[in-house]
Amino acid sequence: MKLSDMALGIRPSSTLSISAEANRRKAEGIDIINFSAGEPDFNTPENIKQAAIRAINNNFTKYTPYEGIYELRTAVAEELKTDGLEYAPEDIVISNGSKHALKNALSAIIDPGDKVIVPAPYWNSYIDIINMVYGVPEVVQTRKQNLFKVTAAQLESTYDPKVKAVIINSPNNPTGMVYSEAELKEIAAFAVEKDIFVISDEIYKRLIYSRHLKHTSIASLGEEIKKRTIVIDGLSKSYSMTGWRVGYTASDRKIADVIANIQSNSTSNINSIAQAAALEALRGDKSEVTAMLKEFQHRRDFIAQRISDIPLLSSILPKGAFYMFVDVSKLLGATVRGTLLKDSRDVANVLLDSYGVAVVPSDAFGVDNYIRISYATSMRDIVEGTNRIEKFVKQNY
Ligand code: PMP
Ligand code: GLU
């Protein structure tokens, strides 16, 4: 009765587990501020919910084409045009969230033993998804002075002939950094020269806060890079639709066809009602979505100021997504409430157990000495949570 080595090697998603633990404590009546999950606190916009209700009432409740309804794939293709990307509806496959889109994409290109370069800090699930398709993650440590962005030179020195793909995530989870067009051009040149794929996770593309920065999709930088890139996106973050599970891949037709075949034999179509809702999200009124973006910006400005006011903590101002990546190295080595704080995990544990603040320690993202604070939570919680973090530092240092 032996389970597979692959399955036994998969860890539970750290972001989801820490958040589940925070919610479990909350349900027990413990006062917890949950800064762990990257999940917008807003309700899904009203027009999107109404579209779903209409879908149920109109009995739009049967199997749909497994790659998603054509209208939705068309709406996605239209939306991608705003990023300078020319895709046909046939190049789009609608999946159960972008996590599933990533799994589909990697399944389509990875043979056992193929390497995938993952710049760290990385979003935790990349590693396990690569392992699930029998690939080998090849982690590259980025540099803080380079704003945690991987350079083409670093990719070059990591490359060997087993490398099949590189994952680029901009805006980035957990750092909030955004790659410029010039940086992406160099990475694109590297990928084209080595003839490898790029998985471009753009799920936070609408959440950019600086007027001087714009989102660039690496796939928009020429035909050669476009055909090697699989764009990953989804509606969870910008439309506050985490529970609906809508994501997609956009890619060369040959890759899209393979992904569709995989999906036809695994999940089939995503929930039909969620597809109707997604269509409204993309085509309908965007006023609630615009208001959410404004609020995230306000929260980012507030939390960045609060963190910079707290002694011993430091962070680079995030330009996008909704995370602060906070350097806690100056807190290490102290003993707090009887525990020696050796690493960011110890810091996260003491924050949760003694101060009721849930954050994600950075070992989840492949680096030491940071904690990730999600500000996709209410202003009230941000005020209270940062007060508690300040209290923790001031009481113990
Ligand atoms: N990519 C990144 C970088 C993320 O932070 C997340 C977390 N939600 C996902 C993909 C997956 O999101 P979803 O499956 O909800 O679309
Ligand atoms: N991606 C979000 C995060 O990083 C949600 C949790 C998850 O999907 O892992 O917190």
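The structure this text deals with has already been given above.
Residues numbered from 1 in each chain as written. Chains lettered and ligands numbered in written order. Predicted model: local features only at pLDDT ≥ 70, side-chain atom pairs only at ≥ 80, totals over all residues. Heavy atoms only, no water.

A. Just the site of ligand 2, in detail. Looking at ligand 2, the residues that line it are Ser13, Thr15, Leu16, Ser36, Ala37, Gly38, Lys99, Trp123, Asn173, Lys237, Tyr323 and Arg372. Here Lys99 contributes a side-chain N or O atom positioned 3.1 Å from an oxygen atom of ligand 2. Between ligand 2 and Lys237 there is a distance of 3.3 Å, counted from a nitrogen atom to a side-chain nitrogen or oxygen. Protein chains shield 89% of the accessible area of ligand 2, which is 280 Å² for the free molecule. When its residues are assigned to classes, the shell around ligand 2 shows four nonpolar, five polar and three charged. (Near = heavy atom within 4 Å. Polar contact = N/O pair within 3.5 Å; in protein donor to acceptor, adjacent residues only side chain to side chain. Areas by Shrake-Rupley, 256 points an atom, 1.4 Å probe, with all protein chains shown as cover. Nonpolar A, V, L, I, M, F, W, Y, C, P; charged D, E, K, R; others polar.)

B. A look at the site of ligand 1. Ligand 1 sits among 13 residues. The nearest are Ser98, Asp201, Tyr204, Ser236 and Lys237. Within the side chain of Lys237, one N or O atom sits 2.5 Å away from a nitrogen atom of ligand 1. When ligand 1 sits alone it has 390 Å² of accessible area, and the protein chains cover 93% of it. For the shell around ligand 1, the residue count by class is four nonpolar, five polar and four charged.

C. Local environment of the pattern of salt bridges. All told, the structure shown has 37 salt bridges when counted by the stated rule. Across the salt bridge formed by Arg11 and Asp128, the nearest N and O atoms sit 2.6 Å from each other. Residue Arg11 is found in the loop between helix H1 (5–8) and helix H2 (14–27), and its partner Asp128 is found in helix H6 (residues 125–132); the two are separated by 117 residues along the sequence. Between Glu138 and Lys115 there is a salt bridge, and its shortest N-O distance comes to 3.5 Å. Placement of Glu138 in strand E4 (residues 136–141) and of Lys115 in strand E3 (residues 115–120) is noted, with a sequence separation of 23 residues between them. With a relative accessible area of 22%, Glu138 lands in the partly exposed category. (Salt bridge = Lys/Arg side-chain N within 4 Å of Asp/Glu carboxyl O. Helix = DSSP H or I, 4+ residues; strand = E, 2+ residues; numbered from the N terminus. Buried < 20%, exposed > 50% of the residue type's maximum accessible area, 1.4 Å probe, protein only.)

D. Representation of the pairing of E4. Where E3 lies against E4, six bridges are found, and the strand directions are parallel. Within E4, the residue paired with Lys115 across the bridge is Val136. The parallel pair E3 and E4 is bridged by H6, and the resulting crossover is right-handed. (Pairing = 2+ DSSP bridges. Right-handed = clockwise from strand over helix to strand, strands pointing away.)

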